[in-house]
Amino acid sequence: IYYYVLFNVVYALLAMPFGQLSDKYPRKYVISAGYFIFGITCLGFAFATSKLHALLFFIFYGIFSALIEGNQRAFVADLVSERVRGTAYGMFNTVVGIATLPASILAGTLWQYVGVKATFLYGFVLAFLSGMLLLSLK
């Protein structure tokens with residue numbers, strides 16, 4: 001439980017500075033950095049061997065969340081006109097919500113039938129692919 005407290009403290013401390021960072025630099029770079037940090041976090045959890053390692057990667061998890069949570073929504077606003085912004089937010093949250101179910105089922109299946117490392121390695125691969133895909137957008 002203390003790890004999640006640490007996660008939330010890190011997130012709360014960094015969310016505003018990372019939001020300001022995305023106001024200064026293109027959001028796709030800031031969000032991609034978040035995806036890459038999530039990939040490193042997954043890799044770390046896959047090979048963690050102590051509580052100290054887990055603690056370290058919960059800090060990384062907080063950094064990841066602070067980089068992407070608000071900035072993804074701001075990026076949605078950047079991509080659409082003001083006239084359809086509410087619809088765009090609704091679509092964004094709908095897609096994220098719908099995608100969460102199969103992603104969670106797949107993660108749980110990997111965890112149960114292949115192992116913990118497989119779940120985190122899968123997260124690592126998807127995070128890095130997502131970061132690279134976002135960077136490739138014009």
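Scroll up a little and you will see the structure.
The structure presented is a predicted model; accordingly, all values stated were derived computationally and were not measured. Every residue gets a number counted from 1 within its own chain, in the order that chain's sequence is written. Local features are withheld for residues below a pLDDT of 70 in this predicted model, meaning they are given only at 70 or higher, and side-chain atom pairs are given and counted only at 80 or more; totals for whole chains, interfaces and linings count all residues. In computing side-chain values, all of the structure's heavy atoms are included and hydrogens and water are not.

Asker: How should the nonpolar core be read in this particular structure?
Answerer: Take the buried residues of types Ala, Val, Leu, Ile, Met, Phe, Trp, Tyr and Cys, join any two whose side-chain atoms come within 4.5 Å, and each joined set is a nonpolar core. Three labels apply to residues, based on accessible area from a 1.4 Å probe with only protein chains included: buried if under 20% of the type maximum, exposed if over 50%, partly exposed otherwise in between. If you look at the biggest cluster of nonpolar residues, it comprises 10 residues: Phe-18, Val-30, Ile-31, Tyr-35, Phe-64, Ala-66, Leu-67, Ile-68, Phe-75 and Leu-134. Secondary-structure elements contributing two or more residues to this core are helix 2 (27-47) and helix 3 (51-79). Among the elements that line this core, the one with the most residues is helix 3, at 5 residues. Should any heavy atoms of two residues lie within 4.5 Å, those residues are counted as being in contact. Ile-68 has contacts with Ile-31, Gly-34 and Tyr-35, leaving out every residue within four places of it along the chain. Core analysis: the second largest hydrophobic core is formed by 8 residues, Phe-45, Ala-46, Phe-57 and Phe-120 among them. The helix and strand labels rest on DSSP assignments: H or I over at least four residues marks a helix, E over at least two residues marks a strand, and numbering proceeds from the N terminus.

Asker: Could you clarify how one ought to interpret helix 1 (residues 2-24) in this entry?
Answerer: The periodicity of an α-helix, 3.6 residues per turn, causes residues three or four positions apart to be oriented the same way. For a helix, the expected span equals 1.5 Å multiplied by the residue count minus one. Relative to the 33 Å expected for 23 residues at 1.5 Å per residue, helix 1 spans 33 Å between its end C-alpha atoms, a close match to the ideal helical length. Take the seven residues that end at a residue and the seven that start at it, fit an axis to each, and the angle between those axes is the bend at that residue. In helix 1, a bend of some 40° at Ala-15 exceeds every other bend along the element, and Pro-17, a proline, comes one to four places later. Among the residues making up helix 1, those that are buried are Phe-7, Val-10, Phe-18, Gly-19 and Ser-22. Contact partners of the buried residues in helix 1: helix 2 and helix 3.

Asker: Looking at this model, I keep getting lost on a nonpolar patch on the surface. Mind explaining?
Answerer: Here, patches come from residues exposed beyond 30% relative accessible area and free of salt bridges, joined within 9 Å for like charges and within 5 Å for nonpolar side chains (Val, Leu, Ile, Met, Phe, Trp, Tyr). Using a 1.4 Å probe, the Shrake-Rupley method yields the accessible areas, and only the shown protein chains count as cover for residues. For this document, the term salt bridge refers to a Lys or Arg side-chain nitrogen within 4 Å of an Asp or Glu carboxyl oxygen. A contiguous nonpolar surface patch, about 610 Å² in accessible area, is contributed by Ile-1, Tyr-2, Val-5, Val-9 and Leu-13. Of note, Val-5 is situated in helix 1.

Asker: How should the environment of Phe-7 be read in this particular structure?
Answerer: As for its placement among the helices and strands, Phe-7 is situated in helix 1. Its relative accessible area of 13% is what places Phe-7 among the buried residues. Sequence-wise, Phe-7 and Ile-98 are 91 residues apart; in three dimensions their C-alpha atoms are separated by 25 Å. Those residues within four positions of Phe-7 in sequence are excluded, and the remaining contacts are Phe-58, Tyr-61, Gly-62 and Ser-65.

Asker: What exactly am I supposed to notice about the pattern of salt bridges here?
Answerer: When their charged atoms lie close together, side chains carrying opposite charge are able to pair. If you walk through the whole model with that rule in mind, you get 3 salt bridges. Asp-78 is the salt-bridge partner of Arg-27, the closest N and O atoms lying 2.5 Å from each other. Pair noted here: Arg-27 is in helix 2 and Asp-78 is in helix 3, with a separation of 51 residues, a long-range link. For Arg-27, a relative accessible area of 15% translates into the label buried. Assessed through its relative accessible area of 45%, Asp-78 is described here as partly exposed. With a closest N to O distance of 3.7 Å, Glu-69 and Arg-73 form a salt bridge. With Glu-69 and Arg-73 both in helix 3 and 4 residues apart, the pair spans about one turn of that helix.

Asker: Sorry, what's going on with the side chain of Thr-41 here?
Answerer: Its location among the elements puts Thr-41 in helix 2. One polar contact links the side chain of Thr-41 to the main-chain carbonyl oxygen of Ile-37, over a distance of 2.7 Å. Contact partners of Thr-41, with chain neighbours within four places excluded, come to Phe-57, Phe-60 and Tyr-61. Pairing of N or O atoms within 3.5 Å defines a polar contact, subject to two protein rules: one partner must be a possible hydrogen donor and the other a possible acceptor, and residues neighboring in sequence count only if both atoms are side-chain atoms.

Asker: How should I be thinking about the packing of helix 1 against helix 3 in this particular structure?
Answerer: Two measures define how a pair of helices packs: the angle their axes make with one another and the distance between the axes. Helix axes are fitted to C-alpha atoms over the stretch in contact, other axes to C-alpha atoms as well, and angles between N-to-C directions run from 0 to 180 degrees. Between helix 1 and helix 3, whose axes approach to 7 Å, the crossing angle comes to 35°. Both helix 1 and helix 3 take part in a crossing whose hand is right-handed. Residue composition of the contact of helix 1 with helix 3, grouped by class: 17 nonpolar, 5 polar and 2 charged. Each crossing gets its handedness from the near helix: less than a right angle anticlockwise from the far helix is left-handed, clockwise is right-handed. The nonpolar class holds Ala, Val, Leu, Ile, Met, Phe, Trp, Tyr, Cys and Pro. Asp, Glu, Lys and Arg form the charged class, and all remaining residues, Gly among them, are polar.

Everything listed here is a matter of coordinates, which is why it stays silent on function.
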